[in-house]
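Given next are the chains, with one letter for each unit.
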Amino acid sequence: DVKVTQSSRYLVKRTGEKVFLECVQDMDHENMFWYRQDPGLGLRLIYFSYDVKMKEKGDIPEGYSVSREKKERFSLILESASTNQTSMYLCASSLGGSGRYEQYFGPGTRLTVT
Amino acid sequence: DAKTTQPPSMDCAEGRAANLPCNHSTISGNEYVYWYRQIHSQGPQYIIHGLKNNETNEMASLIITEDRKSSTLILPHATLRDTAVYYCIVGEAAGNKLTFGGGTRVLVKP
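Residues numbered from 1 in each chain as written. Chains lettered and ligands numbered in written order. Predicted model: local features only at pLDDT ≥ 70, side-chain atom pairs only at ≥ 80, totals over all residues. Heavy atoms only, no water.

### So, the overall build of chain B
- Along its length, chain B carries 0 helices and 9 strands.
- Starting at the N terminus and ending at the C terminus, chain B contains elements arranged as β-β-β-β-β-β-β-β-β.
- Its C-alpha atoms give chain B a radius of gyration of 13 Å, near enough to 13 Å, the size a compact globule of 110 residues would have.
- For chain B, the C-alpha atoms occupy an extent of roughly 40 × 30 × 25 Å along the three principal directions.
- For chain B, the proportion of contacts with a sequence separation of at least 24, taken over those separated by at least 6, is 56%.
- As presented, chain B carries roughly 5600 Å² of accessible surface, and 49% of it is formed by carbon and sulfur atoms. (Helix = DSSP H or I, 4+ residues; strand = E, 2+ residues; numbered from the N terminus. Rg over C-alpha atoms; globule rule 2.2 N^0.38 Å. Contact = heavy atoms within 4.5 Å. Areas by Shrake-Rupley, 256 points an atom, 1.4 Å probe, with all protein chains shown as cover.)

If you want it as structure tokens, here you go:
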């Protein structure tokens, strides 16, 4: 089974702090994704990566950056956390390539910025 | 990306088939239809996807109309554990940009 793990289930940070959210997948997947989920807004794509050191902006990249130094690890960085970044953050990965498009999600990190 | 329209909620009786509709009238030729579900406090779970033909796996069946403007996810024998929010999504073949809308909140009742 594919396993996607996220570094924390719950996180509380103060406004202005730098925040790192880590995601690791164990199935040698090419693609990795970061989403945030807010009530009434569904899941929204922040960034994705289709290869090591490669990244693409999603629908709401403002205020976020990402890093993918190794294939199995994709980090989401909040350079200066703000209260409007309080949300559930979900990481996902997919194999990529012909016919393998399904995304596998981690359990999520609920981030509260105070 | 094309957008989808789903009913906000529906109830289903345990043991009966659950038919979840989805409209995607602006889908383009190379876009797939994906279904995911999210059980409370968990990350979304992939269910099934298709391009033109109907598809079936151990979880569900996907029926896509001939004009591809709508589809139906069928859970053949709903159980209480199928209570979740079900998302219908259309996306490119590479699966890179999946836009999740509001989904359908399905409540399976005993």
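### Concerning the confidence of the model for chain B
- In the predicted model, chain B carries a mean pLDDT of 91, and 94% of its residues have values of at least 70.
- Across chain B, strand 6 (residues 61-64) of chain B holds the top mean pLDDT of 98, while strand 8 (residues 84-91) of chain B sits lowest at 92. (pLDDT = per-residue confidence, 0-100.)

### What about the interface of chain B and chain A?
- Listed by partner, the interface residues are 20 residues for chain B and 20 residues for chain A.
- In total, about 1600 Å² of surface goes out of reach between chain B and chain A, with carbon and sulfur atoms giving 52% of it.
- Put simply, chain B and chain A have 0 salt bridges between them.
- The interface formed by chain B and chain A includes 4 residue pairs in polar contact (both at pLDDT 80 or more).
- Contributions of two or more residues to the side of chain B that touches chain A are made by strand 3 (32-38) and strand 4 (45-50) of chain B.
- No other element matches the 4 residues that strand 3 of chain B contributes to the side of chain B that touches chain A.
- Of the residues that constitute the side of chain B that touches chain A, the class distribution is 10 nonpolar, 9 polar and 1 charged. (Buried area = accessible area lost by both parts, 1.4 Å probe. Salt bridge = Lys/Arg side-chain N within 4 Å of Asp/Glu carboxyl O. Polar contact = N/O pair within 3.5 Å; in protein donor to acceptor, adjacent residues only side chain to side chain. Nonpolar A, V, L, I, M, F, W, Y, C, P; charged D, E, K, R; others polar.)

### Things to note about the side chain of D38 of chain A
All names here are of chain A.
- Examined against the element boundaries, D38 turns out to sit in strand 4 (residues 31-38).
- Residue classification places D38 among the buried positions, given a relative accessible area of 11%.
- A distance of 2.9 Å separates polar atoms of two side chains, one belonging to D38 and the other to R36.
- With residues up to four places along the chain from it excluded, the contact list for D38 reads R44, T86 and S87. (Buried < 20%, exposed > 50% of the residue type's maximum accessible area, 1.4 Å probe, protein only.)

### A few points about the side chain of S87 of chain A
All names here are of chain A.
- With respect to the helices and strands, S87 occurs in strand 9 (residues 87-94).
- A polar side-chain atom of S87 sits 3.4 Å from a polar atom in the side chain of R36.
- In this view, S87 contacts R36, Q37, D38, T109, R110 and L111; residues no more than four positions away in its chain are not counted.

### Digging into the sheet that holds strand 9 (residues 104-109) of chain B
Residue and element names in this part refer to chain B.
- Read from one edge of the open sheet, 5 strands run 1-9-8-3-4, paired in mixed fashion. Pairing within the sheet leaves two strands with one partner each, and these edge strands are strand 1 (9-13) and strand 4. The average angle at which neighbouring strand axes cross in this sheet is 25°, direction not considered.
- Note that strand 3 and strand 8 share 7 bridges and pair antiparallel. Opposite Y36, over in strand 8, you have Y87 as the bridge partner. (Pairing = 2+ DSSP bridges. Axes fitted to C-alpha atoms, helices over the stretch in contact; angles between N-to-C directions.)

### Some words on the sheet that holds strand 3 (residues 19-25) of chain A
Residues and elements named next belong to chain A.
- Read from one edge of the open sheet, 4 strands run 1-3-8-7, paired in antiparallel fashion. Only two strands of the sheet have a single neighbouring strand rather than two, namely strand 1 (4-6) and strand 7 (65-70). Neighbour-to-neighbour, the strand axes of this sheet turn through a mean angle of 20°, independent of strand direction.
- Judged from the 3 bridges that link them, strand 1 and strand 3 form a sheet pairing that is antiparallel. Each residue of the ladder has a partner; that of T5, found in strand 3, is V24.

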